[in-house]
Amino acid sequence: MGKVEIIGFPQSTYVRFVRMVCAEKGIDYEFEGAAPHSPEVSAIHPLGKVPVMRHDGFELYESKAIATYLDLTFPGPCLIPTEPRAAALTEQWVSLVNSVIYGTMIRNYFFAYILPKTPDGSPDRPLIDEVVPAMQAQLGVLDRALGKTGFFAGDELTVADLNLMPILYYIQRCPEGAAAVNGLPHLAAYYRRLAARPSFELTIPPPPPREARAS
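The model shown is predicted, which means the values in this text are computed figures rather than measured ones.

The rules behind these values
- Along every chain, residues carry numbers that run from 1 in the direction the sequence is written.
- The predicted origin of the model limits local features to residues at a pLDDT of at least 70 and limits the giving and counting of side-chain atom pairs to 80 or more, whereas totals for whole chains, interfaces and linings rest on all residues.
- To obtain the side-chain values, all non-hydrogen atoms of the structure were included, while hydrogens and water were left out.
- Only the stretch in contact is used when fitting a helix axis, every axis being a line fitted to C-alpha atoms; angles between N-to-C directions are given from 0 to 180 degrees.
- Labels follow the DSSP assignment, with helices taken as runs of H or I lasting at least four residues and strands as runs of E lasting at least two, numbered in each case from the N terminus.
- Just so you know how the angles are binned, under 35 degrees is roughly parallel, over 145 roughly antiparallel, 65 to 115 roughly perpendicular, and the rest oblique.
- Each crossing gets its hand from how the near helix is turned against the far one by less than a right angle, where anticlockwise is left-handed and clockwise is right-handed.
- Contacts are assigned to residue pairs that have any heavy atoms within 4.5 Å of one another.
- Here the term charged refers only to Asp, Glu, Lys and Arg, the term nonpolar to Ala, Val, Leu, Ile, Met, Phe, Trp, Tyr, Cys and Pro, and the term polar to all other amino acids, Gly among them.
- We define a salt bridge as a side-chain nitrogen of Lys or Arg found within 4 Å of a carboxyl oxygen belonging to Asp or Glu.
- Each residue's exposure class comes from its accessible area (1.4 Å probe, protein chains only) as a fraction of the maximum for that residue type: buried when under 20%, exposed when over 50%, partly exposed otherwise.
- Any two strands are treated as partners once DSSP identifies two or more bridges connecting them.
- The directions considered for the arc are those from the helix axis to the C-beta atoms.
- Crossovers are described as right-handed under a simple rule: with the strands pointing away from the observer, the path leading from the first strand over the helix to the second runs clockwise.
- Like-charged residues are merged into a patch within 9 Å and nonpolar side chains (Val, Leu, Ile, Met, Phe, Trp, Tyr) within 5 Å, provided each residue has over 30% relative accessible area and no salt bridge.
- For the area figures, the Shrake-Rupley method with a 1.4 Å probe applies, and any residue is considered shielded solely by the protein chains shown.

> Teacher, can you tell me more about the packing of helix α5 (residues 125–149) against helix α7 (residues 175–182) here?
Helices that pack against each other are described as a pair by the angle of their axes relative to one another and the distance between those axes. At a minimum axis separation of 10 Å, α5 and α7 run at an interaxial angle of 15°. Regarding the angle of α5 to α7, the classification is roughly parallel. Every pair of crossing elements has a handedness; the one defined by α5 and α7 is right-handed. Across from R125, I128, V132, M135, Q136 and L139 in α5, the residues of α7 making contact are E176, G177, A180 and V181. Broken down by class, the residue content of the contact of α5 with α7 amounts to 6 nonpolar, 2 polar and 2 charged.

> Would you mind going over the pattern of salt bridges with me for this structure?
Two side chains bearing opposite charge may form a pair once their charged atoms approach each other closely. Counted according to the given criterion, the structure contains 8 salt bridges. Residues D28 and K3 are paired through a salt bridge, measuring 3.3 Å at the closest nitrogen-oxygen approach. Remark: K3 occurs in the segment before β1 (4–8) and D28 occurs in the loop between α1 (13–25) and β2 (29–33); sequence separation between them is 25 residues. Among the salt bridges present, the one from E5 reaches R54, with a minimum N-O distance of 3.5 Å. Placement of the pair is E5 in strand β1 and R54 in strand β3 (residues 52–55), with a sequence separation of 49 residues. Given the relative accessible area of 24%, R54 is considered partly exposed.

> Would you explain the environment of K64 in this entry?
Residue placement: K64 occurs in helix α3 (residues 63–73). For the pair K64 and V18, spaced 46 residues apart in sequence, the C-alpha to C-alpha distance is 8.1 Å.

> I keep staring at the sheet that holds β1 and nothing clicks. Help me out?
Adjacent strands of a sheet form backbone hydrogen bonds with each other and so pair up, either parallel or antiparallel. In space, the 4 strands of this open sheet follow the order β2-β1-β3-β4, with mixed pairing throughout. One side of each edge strand has no neighbouring strand; the edge strands of this open sheet are β2 and β4 (58–61). Averaged over all adjacent pairs, the angle separating strand axes in this sheet is 20°, with direction ignored. Set on the sheet, α3 makes contact with β1, β3 and β4; between it and β4 the angle comes to about 135°.

> How should I be thinking about α3 in this particular structure?
Those residues of α3 not exposed but buried are S63, K64, I66, A67, L70 and D71. The buried residues of α3 occupy an angular sector of 160° when the element is viewed end-on, so they sit on one face. Residues of α3 that are buried sit in contact with β1, α1, β3, β4, α4 (84–114) and α6 (159–171).

> Would you take a moment to explain the pairing of β2 for this structure?
Here is the key point about a regular strand: its side chains alternate between the two faces of the sheet. By the bridge criterion, 5 bridges tie β1 to β2 in an arrangement that is parallel. By the bridge assignment for β2, V4 is matched with Y29. Crossover connection from β1 via α1 to parallel β2: handedness right-handed.

> Explanation requested: a nonpolar patch on the surface in the structure shown.
A contiguous nonpolar surface patch, about 180 Å² in accessible area, is contributed by L96, V100 and V141. Mapped onto the elements of the fold, L96 is located in helix α4. For L96, a relative accessible area of 30% puts it in the partly exposed group.

Laid out in structure tokens, this is it:
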């Protein structure tokens, strides 16, 4: 069986998610750093989004699809449960994070620090102040869910956890995000526990285009 190729922008939370899946499964893979819409990415994804994957002539895009393929194809711990309720919860949390939480916490909150549209490049305080209540509310939802078993689907690590961790990593580089996570006991303990896993430590990305700054 040929080696898996993962292609994408290393700072992307979705790219890191797929790389964490590879690490948890013990998959020997090659990583090629490439920006969205680059020729390498656009050759596989029709909209130029990252990550994309190539394996034995098979090409695939969208992070959840790639994670599912990797989990079903390779040995190692099962990261997508087969028990119906745990499987459904896994899909539920991946969907919620990708459709709602990513937008709030990365595209609105984190980008207001590192990619602000302010004239002088300073953090976009009005946008930050506007989005913080929504971020805090969503983090509270995550904290309450983790109070049951310490994971999002059943009592073992799944792709639902791996999909969220890169987002939590970034928002804690900014003051309101760090305070919010550390103020929630279940979420703070969960983050510390999963951040100590080799899959997380081995995939820490280089700094984003501009380091997050507190105003």
